[in-house]
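A closer look at the structure
Next come the chains, spelled out residue by residue.
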Amino acid sequence: MEPGPTNNENLERLIAEQKKRIEALERNITEADRTVQQYKDEWSALYDQHKELREMNTRLEHDYESLRLQKGGFGFKMLMISGFAGTVVAVLLCFAYIKLKPKETHLVAFRQFQRENLFNYELAISRGQFDDVEKSLDLNLERPEYQAIYPEIEFTRNIVEAAKRRCAGK
């Protein structure tokens, strides 16, 4: 049997092992302290960066809000101006259409006939000068610009003849 280590040797070996463990633990604690400090520094940098980003975000939101208000005011003004301009243009186009639209030859001829002759015919009929009205109507039937209203002139002539017969019969 081999002699085993003595208690003293065992104790020294245990103490040496414990010292190694303590040194390893101290190294681990030192490493952990360094890691903690590194994470604190990173966190502080991220917090500062986050703070800057929040300030930038707040500044951008404020700038956007002021720009939106400015653009909104401009948009409303432009809406009012374009609405007014559109109304003016629409009125001018309606006026131009009414004045410049192609007119029917029948309507134009009848209005011209009416302007030229209505008053004279009324006056002559009221004085009993039916023959003068009939002669004028016959002349107007021959005018080329009144060919479109030939039936109306003929109708007027028939009415004048009827009025002449009625007055002659009295």
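That block above? That's the structure.
Residues numbered from 1 in each chain as written. Predicted model: local features only at pLDDT ≥ 70, side-chain atom pairs only at ≥ 80, totals over all residues. Heavy atoms only, no water.

Time to look at the side chain of asparagine 140. By the element assignment, asparagine 140 lies in helix α3 (residues 130–142). Excluding residues within four positions of it along the chain, asparagine 140 makes contact with Phe113, Asn117, Tyr121, Tyr146 and Ile153. (Helix = DSSP H or I, 4+ residues; strand = E, 2+ residues; numbered from the N terminus. Contact = heavy atoms within 4.5 Å.)

On to the packing of α3 against helix α4 (residues 150–169). Orientation of α3 relative to α4, taken along the N-to-C sense of each, is 165°, at an axis distance of 10 Å. In terms of their interaxial angle, α3 and α4 are classed as roughly antiparallel. Crossing handedness for the pair α3 and α4: left-handed. Contacts between α3 and α4 pair Phe130, Asp131, Val133, Glu134, Leu137, Asp138, Asn140 and Leu141 from the former with Tyr150, Ile153, Glu154, Thr156, Arg157, Val160, Glu161, Ala163, Lys164 and Cys167 from the latter. A per-class count over the contact of α3 with α4 returns nine nonpolar, two polar and seven charged. (Axes fitted to C-alpha atoms, helices over the stretch in contact; angles between N-to-C directions. Parallel < 35°, antiparallel > 145°, perpendicular 65-115°, else oblique. Left-handed = near helix turned anticlockwise from the far one by under 90°. Nonpolar A, V, L, I, M, F, W, Y, C, P; charged D, E, K, R; others polar.)

Right, let's get into the layout of surface pockets. The volume enclosed by the largest pocket comes to roughly 170 Å³. Lining the largest pocket are Phe110, Phe113, Gln114, Asn117, Leu118, Tyr121, Glu122, Ile125, Val133, Thr156, Ile159 and Val160. For the lining of the largest pocket, the secondary-structure elements that each account for two or more residues are α2 (105–126) and α4. Here the lining of the largest pocket takes eight residues from α2, the largest share from any one element. (1 Å grid on protein atoms, 1.4 Å probe; cavity = no way out; pocket = protein on both sides within 12 Å on 5 of 7 lines; lining within 4 Å. Points joined across faces, edges and corners; volume = space filled by probe spheres on them.)

Turning our attention to the pattern of salt bridges. Taken as a whole and judged by the stated rule, the model has nine salt bridges. The closest approach of N and O atoms between glutamate 134 and lysine 164, which form a salt bridge, is 3.5 Å. Of this pair, glutamate 134 sits in helix α3 while lysine 164 sits in helix α4, and the two are 30 residues apart along the sequence. In this structure, the salt-bridge partner of glutamate 145 is arginine 143, at a minimum N-O distance of 2.5 Å. Classification of glutamate 145 by relative accessible area gives partly exposed; the value is 36%. (Salt bridge = Lys/Arg side-chain N within 4 Å of Asp/Glu carboxyl O. Buried < 20%, exposed > 50% of the residue type's maximum accessible area, 1.4 Å probe, protein only.)

Formed by Ala109, Phe113, Tyr121, Ala124, Phe130, Val133, Leu137, Leu141, Tyr146, Ile149, Ile153 and Val160, the largest nonpolar core amounts to twelve residues. When contributions to this core are tallied by element, the ones reaching two or more residues are α2, α3 and α4. Not counting residues up to four positions away in its chain, the partners in contact with isoleucine 149 are His106, Ala109, Phe110 and Phe113. (Core = buried A, V, L, I, M, F, W, Y, C linked by side-chain atoms within 4.5 Å.)

Structurally, asparagine 117 is set in helix α2. If sequence neighbours within four positions are ignored, asparagine 117 has contacts with Ser136, Asn140 and Tyr146.

Along the chain, leucine 53 turns up in helix α1 (residues 7–100). For leucine 53, a relative accessible area of 46% gives the class partly exposed.

Before going further, it helps to examine the environment of glutamate 122. For glutamate 122, the location among the structural elements is in helix α2. On the basis of relative accessible area, glutamate 122 is assigned to the partly exposed category, the value being 47%. Considered as a pair, glutamate 122 and arginine 59 are 63 residues apart in the sequence and their alpha carbons are 86 Å apart.

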